[in-house]
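Coordinate analysis (summary)
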Amino acid sequence: MKNRYSLKIKLIISFWVALIIALAIPSYYFMNTVEKEIKKETIISARDRMSILVWALSGREYHDLSQLDRVIREVTQSGQDRITVIDSQGVVLVDSMVDFDDMGSVENHASRQEFRASMREGSGYSVRLSSTVDRYLIYYARKIELDPFGTVVLRLATPSATMDSFFERVSTGLWQMMLLSLLFTGLLVFILVRRLTLKLQPMISLAQSIGKGHYEKRITSSPGREFDPLMEAINEMAQSIENNIEIVSSQKTELETILNGVKDSLVALDNTGRIMSFNQAFKDNFNHFSHFFGKRPLEVFHDSRLQEYSEEVISSDIIRNKSLEVMFKDRCYDVNIVSPEDRRRIGAVLVFHDITNIKRLESIRKDFVANASHELRTPLTSIKGYTETLIDNKELMATKGRDFLEVIIKNTNNMIRLLDDILQLSKIESEPEKIVVSDTPLHPVVEKAWYNCSHYIQDKKVNFSMELEDICLTVKGESEYLGHVFQNLFENSIKFVPDEGEIRVLCRLHDKMVHIGVQDNGPGIPRDEQKRVFERFYRVKKFKNQVKGTGLGLAICRNILMNLGGEIWVESPVKGTNSGCIIWFSLRRADADV
């Protein structure tokens, strides 16, 4: 919270208050004491003059009040004193400042303080404003015996103007001194505070630097010895903060490095169930949003179960862990929702483990068992049936035995071929490092592969041609495995081409890669199945029951080419036609940098 007033203003006001108090109390005491002394001296002076007045009046004879009035006026003619003669009942007999003829209008003085005191004690005084002359007077009264008027009270009233003017002069001087003192002390405090502020500036600068993240600065001098502990405390605080920041930064860097090195996607939710942080893997895997901060899991993954489980873990004091599987963009994730012990900042942590490949392998394993069982069961059943028939019927053995044995051999060869394909695929997948890549000429490999497939042509008339450019005659490969690729592609083409078939080997140069294609004029592969033809045991649905095969040929080709550093894909129908198919694959050029 910011102060509304600066230190300078506060100190100046504080000094002024202290100065006013320091000056006011002695001044009040001085004025009060002086007033009492002056009052005392004035009363003593009035008493002395009263004694002289009594002496002057007592030595004369008076026939009436008018004569007394003339005497009193003669006595007071040269001074400012006012003399009043009052009888014992308070009636004013004569007054030096009131005409004798107007004495009847003067009010009774029986209630006056000085009159009652003199009647009671013989003398008395008071100070008050006179309604007759409209000024403050000191009244001194004394009871005397005055012939022929009997007991009267002789009262002397002297103006207090002398005392008032003194007080006024003293008060004016004190006020002037106080104003000068206030101005001088204000200026002095301003200068002192300014100097102190300048000396405190290094401490202020250090505190500001710490607030901005610069912890290396230190204070080398203090305004005075009183500030040495503060200087040392600030330096120690800066050093401590610097050390702690370094530790926290180091730990944060280590943690970020560890989290970003984890392949699994990690997300931290706050206590309200919104995303507050995530690692690099999450950002790479789920990049369909430009930012994720502040979003709920439901907004990102559109999975109500994930949102429900997250809220359940965050809100529960008992449930610390929940798991579920989430599908997102054709990928399957095993999500583990964990709640930390301290939930002041993090409500839950979501760990996304990609199990797509595991699921795919499980599916492949199931398909493999089902397809292998199916492919083996048909020839085994045929072999068993023909064998039992020959054993039970000797006559049939003599007449049809050779035909039956040829069927048995044919089915046996199909099983052997299936098992060879399975073993070859397993070998390629389990021993990829045994494939040694070197410069391999394409011509001899293609010719040998076509020769090995020639017995599959049977009654078909197939026109085979090679259109290999000189620049792509040699590639980075391995002749034996590359021969398996061409042989499998040729076998597939031979199966699907019509009686007047055409198979061509094409070659295109693309940067440092050579694109090689095997083209046929068969019916082609439907677009929606082109990505799946490279899976194990997958066969095009349209021709599944028309053409025999294991469905492993293209899978073997894909694995070999992956180990050779290439890729394989389908182009169907052939550009410019409505049918046909080209199986393209890529290999590095022999003269390309490895």
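See above for the structure.
Before going into details, it helps to say that this report is about the structure given with it.

Thresholds applied
- Residues numbered from 1 in each chain as written.
- Predicted model: local features only at pLDDT ≥ 70, side-chain atom pairs only at ≥ 80, totals over all residues.
- Heavy atoms only, no water.
- Salt bridge = Lys/Arg side-chain N within 4 Å of Asp/Glu carboxyl O.
- Helix = DSSP H or I, 4+ residues; strand = E, 2+ residues; numbered from the N terminus.
- Buried < 20%, exposed > 50% of the residue type's maximum accessible area, 1.4 Å probe, protein only.
- Contact = heavy atoms within 4.5 Å.
- Polar contact = N/O pair within 3.5 Å; in protein donor to acceptor, adjacent residues only side chain to side chain.
- Axes fitted to C-alpha atoms, helices over the stretch in contact; angles between N-to-C directions.
- Parallel < 35°, antiparallel > 145°, perpendicular 65-115°, else oblique.
- Left-handed = near helix turned anticlockwise from the far one by under 90°.
- Nonpolar A, V, L, I, M, F, W, Y, C, P; charged D, E, K, R; others polar.
- Pairing = 2+ DSSP bridges.
- Core = buried A, V, L, I, M, F, W, Y, C linked by side-chain atoms within 4.5 Å.
- Phe/Tyr/Trp six-rings, centres within 6.5 Å; stacked < 30°, edge-to-face > 60°.
- Lys NZ or Arg CZ within 6 Å of the ring centre and 35° of its normal.
- Patch = residues over 30% accessible without salt bridge, like charges linked within 9 Å, V, L, I, M, F, W, Y side chains within 5 Å.
- Areas by Shrake-Rupley, 256 points an atom, 1.4 Å probe, with all protein chains shown as cover.

A look at the pattern of salt bridges
- Scanning all chains against the criterion turns up 11 salt bridges.
- We note a salt bridge from R331 to D354, for which the minimum N-O separation is 2.8 Å. Of this pair, R331 sits in strand β9 (residues 331-338) while D354 sits in strand β10 (residues 346-354); the two residues are 23 residues apart in sequence, bridging distant segments of the chain.
- Between R532 and E535 there is a salt bridge whose closest N-O contact spans 3.2 Å.
- Using a relative accessible area of 32% as the deciding quantity, one classes E535 as partly exposed.

Comments concerning helix α13 (residues 553-563)
- Taken across its 11 residues, α13 has eight buried, putting it largely inside the fold.
- Turning to α13, its buried residues number three or more, namely G553, L554, A555, I556, C557, N559, I560 and L561.
- At the exit of α13 stands G565, carrying a positive phi of roughly 85°.

Regarding the environment of T84
- Looking at the secondary structure, you find T84 in strand β1 (residues 82-87).
- Through-space distance from the C-alpha of T84 to that of S96 is 6.4 Å; in sequence the pair is 12 residues apart.
- Not counting the four nearest positions on each side in its chain, T84 is found in contact with V92, V94, D95, V153, L154 and R155.
- At 2.9 Å, the side chain of T84 and the side chain of D95 are in polar contact.

Here we look at the packing of helix α12 (residues 479-496) against α13
- Close contact between α12 and α13 brings their axes to 9 Å; oriented N to C, the two are set at 150°. In terms of orientation, α12 lies roughly antiparallel with respect to α13. Relative to α13, the crossing made by α12 is left-handed. Here Y481, H484, V485, N488, L489 and N492 of α12 come into contact with α13, specifically with G553, L554, I556, C557, I560 and L561.
- Tallied by class, the residues present in the contact of α12 with α13 amount to eight nonpolar, four polar and no charged.

Examining unusual backbone geometry
- Geometrically, the link from D147 to P148 is a cis peptide bond, its omega value of 0° lying close to zero.
- Structurally, P148 is set in the loop between β4 (135-146) and β5 (150-159).
- Despite not being glycine, H302 has its phi angle at roughly 55°, a positive value.
- Its place among the elements puts H302 in the loop between α7 (297-301) and α8 (304-315).
- On the accessibility criterion, H302 (62% relative accessible area) is exposed.
- In this structure, D511 is a non-glycine residue whose phi angle is positive, near 55°.
- With respect to the secondary-structure elements, D511 resides in the loop between β14 (500-510) and β15 (513-520).

Observations concerning the sheet that holds strand β6 (residues 265-270)
- Spatial ordering of the open sheet is given by β7-β6-β10-β9-β8, a layout of five strands whose pairing is antiparallel. In this open sheet, the two strands that pair with only one neighbour each are β7 (275-278) and β8 (321-328). Strand-to-strand twist across the sheet, computed as the mean angle between neighbouring axes with direction ignored, equals 25°.
- This element, α8, spans β6, β8, β9 and β10 of the sheet and lies at about 160° to β8.

Comments concerning the nonpolar core
- L482, F486, F490, I516 and F585 are the most contacted members of the largest nonpolar core, which has 45 residues in total.
- Taken together, the elements giving at least two residues each to this core come down to α11 (442-453), α12, β14, β15, α13, β16 (568-571) and β17 (581-588).
- The element best represented in this core is α12, accounting for seven residues.
- Beyond its immediate stretch of four places on either side in the chain, F486 contacts L442, V445, V446, A449, V505, I516, V518 and F585.

A word on the packing of aromatic side chains
- This model, assessed by the stated rule, comprises nine aromatic pairs.
- Here F486 and F490 contribute two aromatic rings whose centre-to-centre distance is 5.9 Å and whose plane-to-plane angle is 35°, an arrangement assigned as tilted. Placement of the pair is F486 and F490 together in helix α12, with a separation of four residues, close to one helical turn.
- Taken together through their ring pairs, the aromatic side chains of W450, F464, F486, F490 and F585 make up a single cluster.
- Lying across the ring of Y139, R128 places its NZ or CZ 4.2 Å from the centre.
- Cation over ring: K322 sits above Y309, and NZ or CZ is 4.2 Å from the ring centre.

Here we look at the side chain of Q307
- Tracing the sequence through the fold places Q307 in helix α8.
- If near-sequence neighbours (up to four positions away) are discounted, Q307 is found in contact with R296, P297 and L298.

Focus: a nonpolar patch on the surface
- Where nonpolar side chains cluster on the molecular surface, the patch consists of I9, I13, V17, I21 and I25 and spans about 440 Å² of accessible area.
- Among the secondary structure elements, I21 is positioned in helix α1 (residues 7-58).
- Residue I21 is classed as partly exposed on the basis of its relative accessible area, which comes to 47%.

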